[in-house]
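Close look at the chain arrangement
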Amino acid sequence: MEAFIHEWANLLVRWLHLIVGIAWIGASFYFNWLENNLERQGKTGGIAGDLWAVHGGGFYYLQKFEVAPPKLPETLHWFKWEAYTTWMTGVALLIVVYYYNAQSMLIDSSVADLAPWQAIAIGIGTLIVSWFVYDGLCKSPLAKQPKLLALVGFALLVLLSWGLTEVFSGRGAYIHVGAAIGTCMVANVFRVIIPSQKALVRAMETGQEPDGRLGKNALLRSRHNNYLTLPVLFIMISNHFPSTYAHEWNWAILAALMVISAGVRHYFNIRHLPEKKVWILPVAAIATVALMLVTSPMMKSEAPREGATGAAVAWADVESVIHTRCSSCHAAEPQFPGYASPPAGVVLETREQIEARKADINRVTVQSNYMPIGNLTGMTEEERALLGDWVRFGSQ
Ligand code: HEC
């Protein structure tokens, strides 16, 4: 019953996180698009630009002011709850999926033998420390050189990715890099962007000259948020892709994907400007294919696992390994505590089911140590070697 309720909690919180996340990133993409598409020629009277759009059967006309309108309207719309609720539901999801089940989702005893409370403390600590380090950098003299700042920030992110893969399971490490970036993005909205907009409004209401520095600072933070959206979106779906997070170079793969996706974002940011760079998308595509090739199983030495015999094995041995190490979770009715239904829909009970999953079993237990998840059922090297022999030479 507990497992059943847990699955529904996961479903509902995840769904909500997706909805508010779409609202946040959608609004952010929309305003970036507006900014890039304003018609700026020949505008007067404090207007920076305007544009016409048609959507949902109606025509829209928008204007952007150079600084602010002469008089503030009665209703001024703000965009902040999209960001705040994305963070809140994200933290809730982190708790439901990763902290509630820390032993299987966050900890990998072959990486570091942590107790759940230690892993959770490292996770939460990462989010907090990341924000203070990032915020400190943005307030340091480095902020005057945005490109250098971006480079340092990226180097720190790679360091964080590497560090987390040294203590967590691959997927736990990835999600915490994403959660750390997401926390910084939302904190940018909460601590810098919204306060500076409020100060702007206050200055106008009291008839004072707005402080230009505030706007600049907010612009820097929103630039960062802009470039971080695509990397974060990848990390949020990364748990479906063990070829990335369960690879031995998982942190480097993440770094490469961050660079590629931030590059793609850059292409869209400057697409409308005279200095647009048409080569970015093809280069990003080539880089992605190169990354796939370098990390593909083809590139791995075909060396069998230690203890492999290089001959066909008895079916009874294969079946016994699968039944003792996998079937407690991967059954129509899982016996493993915390599982209400077969994970990922994979059932490994009958011979037909096991044979049909041969390629998957090879990928997740022989080519990598992804399964059993967190090695909770204590699978040995010899057993992996035995499955490797079965995959290559068959069974009797
Ligand atoms: C403690 C429970 C548990 C055990 C034991 C376990 N798994 Fe899994 N398995 C999971 C979970 C949870 C997922 C879903 C992971 C995800 O969402 O990516 C999964 C997913 C899978 C998948 C689908 C994911 C993919 O990349 O194709 C395969 C195949 C799989 N397991 C095979 C195995 C094999 C083979 C064993 C035994 C050697 C095993 N599992 C043991 C929990 C378990």
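What you see is a predicted model, and the numbers here were worked out from it, not measured in a lab. (Residues numbered from 1 in each chain as written. Predicted model: local features only at pLDDT ≥ 70, side-chain atom pairs only at ≥ 80, totals over all residues. Heavy atoms only, no water.)

**Some details on the overall build of the chain**
Secondary structure assignment for the chain yields 14 helices and two strands. With 396 residues in all, the chain has 41% of them scored as buried. Partitioning the intrachain contacts of the chain with sequence separation of at least 6 by distance along the chain shows that 67% fall at a separation of at least 24. Here the chain displays about 22,500 Å² of accessible surface, and carbon together with sulfur accounts for 65% of that area. Here the chain carries 30 positive and 30 negative side-chain charges, and the mean point of each set is 13 Å from the other. (Helix = DSSP H or I, 4+ residues; strand = E, 2+ residues; numbered from the N terminus. Buried < 20%, exposed > 50% of the residue type's maximum accessible area, 1.4 Å probe, protein only. Contact = heavy atoms within 4.5 Å. Areas by Shrake-Rupley, 256 points an atom, 1.4 Å probe, with all protein chains shown as cover. Lys, Arg positive; Asp, Glu negative; His and termini not counted. Charge placed at Lys NZ, Arg CZ, Asp CG, Glu CD.)

**Re the domain arrangement of the chain**
A common measure of how large an interface is: the accessible area buried when the components associate. Domains assigned within the chain are domain 1 (2-37 + 78-240), domain 2 (44-70) and domain 3 (315-393). Placing a centre on the C-alpha atoms of domain 2 and another on those of domain 3 gives a separation of 59 Å. (Domains from an automatic or database assignment.)

**Notes on the coordination of the iron atom of the ligand**
Of the protein atoms, only His330 (NE2) and Met371 (SD) coordinate the iron atom of the ligand, at distances of 2.0 to 2.3 Å. In this structure, the iron atom of the ligand is coordinated by six donor atoms arranged in octahedral fashion, with angles at the metal of 86 to 178°. Here Met371 lies in the loop between α13 (358-366) and α14 (381-393) and His330 lies in the loop between α11 (315-325) and α12 (351-356), a separation of 41 residues in the sequence. (Donors = N, O, S within 2.8 Å, 3.2 Å for Na, K, Ca; no water. Tetrahedral: all angles 85-135°; square planar, octahedral: opposite > 155°, others 65-115°.)

**Some thoughts on helix α1 (residues 2-37)**
For α1, which comprises 36 residues, the first-to-last C-alpha distance of 52 Å matches the rise-based estimate of 52 Å (1.5 Å per residue) to within 8%. Taken residue by residue, α1 has Ala3, His6, Asn10, Val13, His17, Val20, Gly21, Trp24, Ile25, Ala27 and Leu34 as its buried positions. Buried-residue contacts for α1 involve β1 (47-55), β2 (58-65), α2 (81-99), α6 (170-205) and α7 (212-237). (Expected span 1.5 Å × (residues − 1).)

**Overview of the pairing of β1**
Inspection of the sheet shows β1 paired to β2 by eight bridges, in the antiparallel sense. Looking across to β2, one finds that Asp50 is bridged to Gln63. In this antiparallel pair of consecutive strands, β1 and β2, the connection spans two residues, and Gly56 shows a positive phi of 55°. (Pairing = 2+ DSSP bridges.)

**Some thoughts on the site of the ligand**
In the vicinity of the ligand there are 26 residues, among which Cys326, Cys329, His330, Tyr370 and Met371 approach most closely. At a separation of 2.7 Å, an oxygen atom of the ligand approaches a polar side-chain atom of Arg171. One of the side-chain nitrogen or oxygen atoms of Arg363 is found 2.8 Å away from an oxygen atom of the ligand. The element contributing the most residues to the shell around the ligand is α13, with five residues. (Near = heavy atom within 4 Å. Polar contact = N/O pair within 3.5 Å; in protein donor to acceptor, adjacent residues only side chain to side chain.)

**Let's talk about the packing of α1 against α2**
Close contact between α1 and α2 brings their axes to 8 Å; oriented N to C, the two are set at 155°. With respect to α2, the axis of α1 lies roughly antiparallel. Between α1 and α2 lies a crossing of left-handed hand. Contacts from His6, Ala9, Asn10, Val13, Arg14, Leu16, His17, Val20, Gly21, Ala23 and Trp24 in α1 reach Glu82, Ala83, Thr85, Thr86, Thr89, Gly90, Ala92, Leu93, Val96 and Val97 in α2. Residue classes in the contact of α1 with α2 are distributed as eleven nonpolar, eight polar and two charged. (Axes fitted to C-alpha atoms, helices over the stretch in contact; angles between N-to-C directions. Parallel < 35°, antiparallel > 145°, perpendicular 65-115°, else oblique. Left-handed = near helix turned anticlockwise from the far one by under 90°. Nonpolar A, V, L, I, M, F, W, Y, C, P; charged D, E, K, R; others polar.)

**Remarks on the packing of aromatic side chains**
Counting across every chain of the model gives 14 aromatic pairs. Ring centres of Phe336 and Tyr339 lie 5.9 Å apart, and the angle between their planes is 70°; this geometry places the pair in the edge-to-face category. Taking relative accessible area as the criterion, Phe336 reaches 21% and is therefore assigned partly exposed. Joined through ring pairs, the aromatic side chains of Tyr30, Phe31, Trp33 and Phe79 make up one cluster. (Phe/Tyr/Trp six-rings, centres within 6.5 Å; stacked < 30°, edge-to-face > 60°.)

**With respect to the environment of Gly90**
Mapped onto the elements of the fold, Gly90 is located in helix α2. Separated by 210 residues in sequence, Gly90 and Lys300 have C-alpha atoms that sit 36 Å apart.

**Examining the packing of helix α9 (residues 250-270) against helix α10 (residues 280-295)**
At a minimum axis separation of 9 Å, α9 and α10 run at an interaxial angle of 165°. Here α9 is positioned roughly antiparallel relative to α10, judged by the angle of their axes. Both α9 and α10 take part in a crossing whose hand is left-handed. On α10, the residues that touch Ile253, Ala256, Leu257, Ile260, Gly263, Val264, His266 and Tyr267 of α9 are Ile280, Leu281, Ala284, Ala287, Thr288, Leu291 and Thr295. When grouped by side-chain class, the residues that make up the contact of α9 with α10 number eleven nonpolar, four polar and no charged.

**With respect to the nonpolar core**
Taken as a class, soluble globular proteins show a tendency for nonpolar side chains to be buried jointly. Ranked by size, the top nonpolar core spans 51 residues in total, and within it Tyr98, Leu106 and Ile181 carry the most contacts. Those elements that place two or more of their residues in this core are α1, α2, α3 (102-105), α4 (116-139), α5 (146-165), α6, α7 and α9. Looking at this core element by element, the count peaks at twelve residues for α6. The residue makeup of this core includes at least three contributed by each of domain 1 (2-37 + 78-240) and domain 3 (315-393). (Core = buried A, V, L, I, M, F, W, Y, C linked by side-chain atoms within 4.5 Å.)

**A short note on the pattern of salt bridges**
This model, assessed by the stated rule, comprises ten salt bridges. Ionic pairing is found between Lys43 and Asp50, a salt bridge with its closest N-O pair at 3.1 Å. Its relative accessible area of 28% is what places Lys43 among the partly exposed residues. One salt bridge connects Arg305 with Glu381, and the closest N-O pair in it is separated by 3.1 Å. (Salt bridge = Lys/Arg side-chain N within 4 Å of Asp/Glu carboxyl O.)

**A look at unusual backbone geometry**
Going from Met371 to Pro372, the amide bond is cis rather than trans, its omega being -5°. Along the chain, Pro372 falls in the loop between α13 and α14. Within the chain, Ala344 stands out as a residue other than glycine whose phi angle is a positive 60°. Mapped onto the secondary structure, Ala344 falls in the loop between α11 and α12. Phi at Asn375 takes a positive value of approximately 40°, unusual for a residue other than glycine. By the element assignment, Asn375 lies in the loop between α13 and α14.

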